[in-house]
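# A look at the structure
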There are 4 protein chains.
Amino acid sequence: MSDGAQDPAGHGWPDASGRLDGNLHRLAIRVYYEDTDFSGVVYHANYLKFAERSRSDFLRLIGVHHTDLFDGDDPLAFAIHRMEMDFVKPARIDDLLEVRTRYVKASGARIEATQEIVCLVSAGGAMPEGEVLWRAQVYAACIDQAGRPRRLPAAVREAMAPLVAS
Amino acid sequence: MSDGAQDPAGHGWPDASGRLDGNLHRLAIRVYYEDTDFSGVVYHANYLKFAERSRSDFLRLIGVHHTDLFDGDDPLAFAIHRMEMDFVKPARIDDLLEVRTRYVKASGARIEATQEIVCLVSAGGAMPEGEVLWRAQVYAACIDQAGRPRRLPAAVREAMAPLVAS
Amino acid sequence: MSDGAQDPAGHGWPDASGRLDGNLHRLAIRVYYEDTDFSGVVYHANYLKFAERSRSDFLRLIGVHHTDLFDGDDPLAFAIHRMEMDFVKPARIDDLLEVRTRYVKASGARIEATQEIVCLVSAGGAMPEGEVLWRAQVYAACIDQAGRPRRLPAAVREAMAPLVAS
Amino acid sequence: MSDGAQDPAGHGWPDASGRLDGNLHRLAIRVYYEDTDFSGVVYHANYLKFAERSRSDFLRLIGVHHTDLFDGDDPLAFAIHRMEMDFVKPARIDDLLEVRTRYVKASGARIEATQEIVCLVSAGGAMPEGEVLWRAQVYAACIDQAGRPRRLPAAVREAMAPLVAS
């Protein structure tokens, strides 16, 4: 089911970077103590962390590494400049979630992604499988150390081109 | 400059809950190690934490306490259901920021807030005072333990009524 | 390589709870943006989060669920009361780590664990595979809602007995 | 009670870096949603964040800035290499805490601190004022970008000398 070849450096953990199914990236996320708050559900800002993990792993699986971009004479990084998000239903401790990411734009300095987080296994049994918990539109840019937008490196553009939804 | 009477329980820390200036809540936030990431700036999801602190302290200063809402026969809490936000400029380690919050709606089960985070002191000197770093529209609801929207308690509506921007 | 039967609820993600090899639990952890700080390495408190994920998943794989303990007439949870830890070497962005957990005591209200975090894949190439980055002794207790220590439920004691290192 | 001169850059927030009382640093910490977990109390790793804020603010008040150390030809930062800590009692949402820090060593590359977190105001009323919630011994070192220990800069040693408890 999983393809170890997607992450040859996974060292025995074939799913460590999630999976690419066509142009859809999927990443399993377990809800731990750290993710919840006293009201019993996942703290709202933590969905953004889950989402960022999937965006990073998507890039990793197509050969784009933060380390490569950042090390070198002209350090580059990705910076979010806008997000719009709906918190539809709450996740709870021990739930198994899946983040699903599609990149919908990668041109100039800009990357856009559409993401959702669904419930795979509801520990308390309250949530049906596949229920959408969170949805977001994410607008990011490639920036240099001074924070200026920088054209995506050619290698990044080429790696992303076939995967950008159209 | 600060008014201890705003937080009589502050025990010698008059600014522990920020300050209300008319209908504007202001809260100072220092950027610590925990808030930054390897790219050198504040991790994007952490602005949401800063913003939540100000929303909570605003309510605290007008006498609305999470503890009161949550304890009792019918536990209530606030849940965000939508956020739209712009990450305008990045904050960095040691910067002193200020979160500014206005509630613009409080009726039925719904609360809406307009928030921004500005730079007060740029540790590296790169950012002028008052520069806007982050802006958001926040749509929240009062919910019960089952996650159902619940009409704001009368005491909350009454406390908020004079402060909701119009 | 992985055994789906260990997490029958994994729904296609056989490693979602890590793996039990005898009495050793192993969990892969990727270092994301959220885990690092401006100095370029993993923020020190985040190793505690990684460690907690492995302790929780260890219990999950032997059938002990936070949800079961916490829901019911007498809600129980695990609380750490002491930790001693050495931060040996720093992890960096994109590194693939492995948390390794052994429970060394489970009697009365008390659970003790020995944990370490090793580097599996160093993204920057600087760290040899298997290098120990962090080590800890963790002393926890089962507590009730008032924070009082409570004898481990029989089902928990029985599930842990064969796995406690001796 | 507070001395604005301690943080001349505080811009109207005199307590933004806490206060030095002799060689004791005190910092007020409010417990927010983000700090708690589903069990109703502060998540254990977050006490380390609170403690780090006080260590950083202590240094800030005596003129030692992360930014100054890190920027320049030879970037330096502080890294924790060992911590021993007791989680004595749990803090809860809306509680007002105070972190208290004493540096007990600053020589060579090494800094040691003794820290505790006490409850100032218990939102639920369950905890007496001044109750100790958390205690730690913290062993840190000044390191360079390669992670090697580096002698504390003379300016840091001199600033700390009169404050190191003896």
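Thresholds applied
Residues numbered from 1 in each chain as written. Chains lettered and ligands numbered in written order. Predicted model: local features only at pLDDT ≥ 70, side-chain atom pairs only at ≥ 80, totals over all residues. Heavy atoms only, no water. Contact = heavy atoms within 4.5 Å. Buried area = accessible area lost by both parts, 1.4 Å probe. Salt bridge = Lys/Arg side-chain N within 4 Å of Asp/Glu carboxyl O. Least-squares fit on C-alpha atoms with pLDDT ≥ 70 in both. Helix = DSSP H or I, 4+ residues; strand = E, 2+ residues; numbered from the N terminus. Expected span 1.5 Å × (residues − 1). Polar contact = N/O pair within 3.5 Å; in protein donor to acceptor, adjacent residues only side chain to side chain. Buried < 20%, exposed > 50% of the residue type's maximum accessible area, 1.4 Å probe, protein only. Pairing = 2+ DSSP bridges. Axes fitted to C-alpha atoms, helices over the stretch in contact; angles between N-to-C directions. pLDDT = per-residue confidence, 0-100. Phe/Tyr/Trp six-rings, centres within 6.5 Å; stacked < 30°, edge-to-face > 60°. Lys NZ or Arg CZ within 6 Å of the ring centre and 35° of its normal.

Reports of interface size often rely on the accessible area that becomes lost once the parts have come together. Contact residues are listed per partner, giving 40 residues for chain A and 40 residues for chain C. Each partner contributes to the roughly 3400 Å² buried at the junction of chain A and chain C, and carbon and sulfur atoms together form 53% of this total. Our count for the contact surface shared by chain A and chain C stands at 4 salt bridges. For the salt bridge of R53 of chain C with E34 of chain A, the shortest nitrogen-to-oxygen distance reads 2.8 Å.

Next up on the list: the relation of the copies chain A and chain C. If you rotate chain A by 180 degrees and push it 0.0 Å along the axis, it lands on chain C with an RMSD of 0.0 Å. Each copy turns onto its partner about a two-fold axis. Measuring from the rotation axis to each C-alpha of chain A, the shortest distance belongs to D15 of chain A, at 3.6 Å. Mapped onto chain C, 100% of the interface residues of chain A are again interface residues, and the two copies thus contact each other with one and the same surface.

Let us look at helix α1 (residues 46–61) of chain B. Taking 1.5 Å as the rise per residue, α1 of chain B with 16 residues should run 22 Å; its terminal C-alpha atoms sit 23 Å apart, in good agreement. Just downstream of α1 of chain B lies G63 of chain B, where phi reads positive at about 90 degrees.

Okay, the interface of chain B and chain A next. Chain B puts 22 residues into the contact, and the matching count from chain A is 22 residues. Of the roughly 2100 Å² buried between chain B and chain A, counting both surfaces, carbon and sulfur atoms make up 59%. Interface area lost by chain B to chain A is led by F38, H44 and F87 of chain B, which between them contribute 22%. Counting across the chain B and chain A interface gives 2 salt bridges. R82 of chain A is the partner of D86 of chain B in a salt bridge, and the nearest nitrogen-oxygen pair spans 3.0 Å. Our count for the chain B to chain A interface comes out at 8 residue pairs in polar contact (both at pLDDT 80 or more).

This paragraph deals with the pattern of salt bridges. One pass over the full model with this rule turns up 56 salt bridges over all chains. Here R150 of chain B makes a salt bridge to D74 of chain B, at a shortest N to O gap of 2.6 Å. One end of the pair, R150 of chain B, is in the loop between β6 (132–143) and α3 (154–160); the other, D74 of chain B, is in the loop between α2 (66–70) and β3 (77–87), with 76 residues separating them in the sequence. The exposure class assigned to R150 of chain B is partly exposed, which follows from its relative accessible area of 29%. Between E84 of chain B and R82 of chain B there is a salt bridge, with its nearest N and O atoms 2.8 Å apart. Members of the salt-bridge network, linked through shared partners, are D21, R26, E98 and R100 of chain A.

So, on to the environment of I111 of chain A. Residues and elements named next belong to chain A. Its location among the elements puts I111 in strand β5 (residues 110–121). The buried category is assigned to I111, whose relative accessible area is 4%. For the pair I111 and L20, spaced 91 residues apart in sequence, the C-alpha to C-alpha distance is 18 Å. Excluding residues within four positions of it along the chain, I111 makes contact with F78, Y103, K105, A106, V138, Y139, A140, L152 and M160.

Take chain B, turn it by 180 degrees, move it 0.0 Å along the axis, and it overlays chain A with an RMSD of 0.0 Å. Taken together, the interface assignments show that 100% of the residues at the interface of chain B recur at the interface of chain A, consistent with an identical surface on both copies.

Attention shifts here to the environment of L69 of chain D. All names here are of chain D. Note on placement: L69 falls in helix α2 (residues 66–70). Overall, L69 belongs to the buried group, its relative accessible area being 11%. C-alpha separation for the pair L69 and A45, spaced 24 residues apart in sequence, amounts to 26 Å. With residues near it in sequence (within four places) discarded, L69 still touches V64, D74, P75, L76, F78, P153 and V156.

Okay, the sheet that holds strand β4 (residues 96–107) of chain C next. In spatial order, the strands read β1(C)-β2(C)-β4(C)-β5(C)-β6(C)-β3(C)-β3(D)-β6(D)-β5(D)-β4(D)-β2(D)-β1(D); together these 12 strands make up an open sheet with antiparallel pairing. If you trace the sheet from one side to the other, it starts and ends with β1 (19–21) of chain C together with β1 (19–21) of chain D, each paired once. Geometrically, the sheet is characterised by an average inter-axis angle of 30 degrees between neighbouring strands, direction not taken into account. In this structure, strand β3 (residues 77–87) of chain C lies alongside strand β3 (residues 77–87) of chain D, joined through 5 bridges in antiparallel fashion. Residue pairing for β3 of chain D: R82 of chain C is matched across the bridge by D86 of chain D. The strands touched by helix α1 (residues 46–61) of chain D are β1, β2 (24–30), β3, β4 (96–107), β5 (110–121) and β6 (132–143) of chain D; relative to β4 of chain D, the strand with the most contacts, the crossing angle is about 60 degrees.

This next bit is on unusual backbone geometry. A positive phi is found at D94 of chain A, a non-glycine position, where the angle reads about 75 degrees. The topology assignment puts D94 of chain A in the loop between β3 (76–87) and β4 (96–107).

A few words on the confidence of the model for chain A. Fine structural detail should not be taken from predicted coordinates in areas where pLDDT scores are low. Residues and elements named next belong to chain A. Across chain A, pLDDT averages 90, with 93% of residues at or above 70. Here residues 1–8 is a poorly scored stretch, pLDDT under 50, and it has 14 contacts once near neighbours within four places are set aside; other chains count. Predicted complex metrics record ipTM = 0.91 and pTM = 0.93.

This paragraph deals with the sheet that holds strand β6 (residues 132–144) of chain A. Taken in spatial order, the 12 strands line up as β1(A)-β2(A)-β4(A)-β5(A)-β6(A)-β3(A)-β3(B)-β6(B)-β5(B)-β4(B)-β2(B)-β1(B) in an open sheet, and their pairing is antiparallel. A strand with exactly one partner marks an edge of an open sheet, and here the two such strands are β1 (19–21) of chain A together with β1 (19–21) of chain B. On average, each strand axis in the sheet is inclined to that of its neighbour by 30 degrees, with strand direction left out of account. Where β3 of chain A lies against β6 of chain A, 11 bridges are found, and the strand directions are antiparallel. Bridge pairing links I80 of chain A to A140 of chain A in β6 of chain A. The strands that helix α1 (residues 46–61) of chain A touches are β1, β2 (24–30), β3, β4, β5 and β6 of chain A; relative to β4 of chain A, the one it contacts most, it runs at about 60 degrees.

This part takes up the pairing of strand β2 (residues 24–30) of chain C. All names here are of chain C. Counting buried positions over the 7 residues of β2 gives 6, a clear majority of the element. With 3 bridges joining them, β1 and β2 adopt antiparallel strand pairing. Each residue of the ladder has a partner; that of R19, found in β2, is R26. What sits between β1 and β2 in their antiparallel hairpin is a turn of 2 residues, with G22 showing a positive phi close to 60 degrees.

For the rest of this paragraph, the subject is the pairing of β2 of chain D. Bridge analysis of β2 of chain D against β4 of chain D gives 6 bridges, and the strand direction is antiparallel. Bridged to H25 of chain D within β4 of chain D is T101 of chain D.

Aromatic rings considered in pairs are described by the distance between their centres and by the relative angle of their planes. All told, the structure shown has 22 aromatic pairs over all chains when counted by the stated rule. When the centroid spacing of 4.7 Å and the interplanar angle of 85 degrees are considered together, the rings of F58 of chain A and Y103 of chain A count as edge-to-face. Within this pair, whereas F58 of chain A is found in helix α1, its partner Y103 of chain A is found in strand β4, the two being separated by 45 residues in sequence. Taken individually, F58 of chain A and Y103 of chain A each receive the classification buried, so the pair is uniform in this respect. Plain terms: the ring middles of Y47 of chain B and F50 of chain B are 6.1 Å apart, the flat faces sit at 80 degrees to each other, and that makes the pair edge-to-face. In this pair, Y47 of chain B and F50 of chain B both sit in helix α1, 3 residues apart, roughly one turn of the helix. Take Y47 of chain B and F50 of chain B: they sit in the same class, and that class is buried. Here a set of aromatic residues connected by ring pairs shows up, and it is made of Y47, F50, F87 and W134 of chain A. Geometry around W13 of chain D places R19 of chain B over its ring, the cationic atom sitting 4.0 Å from the centre.

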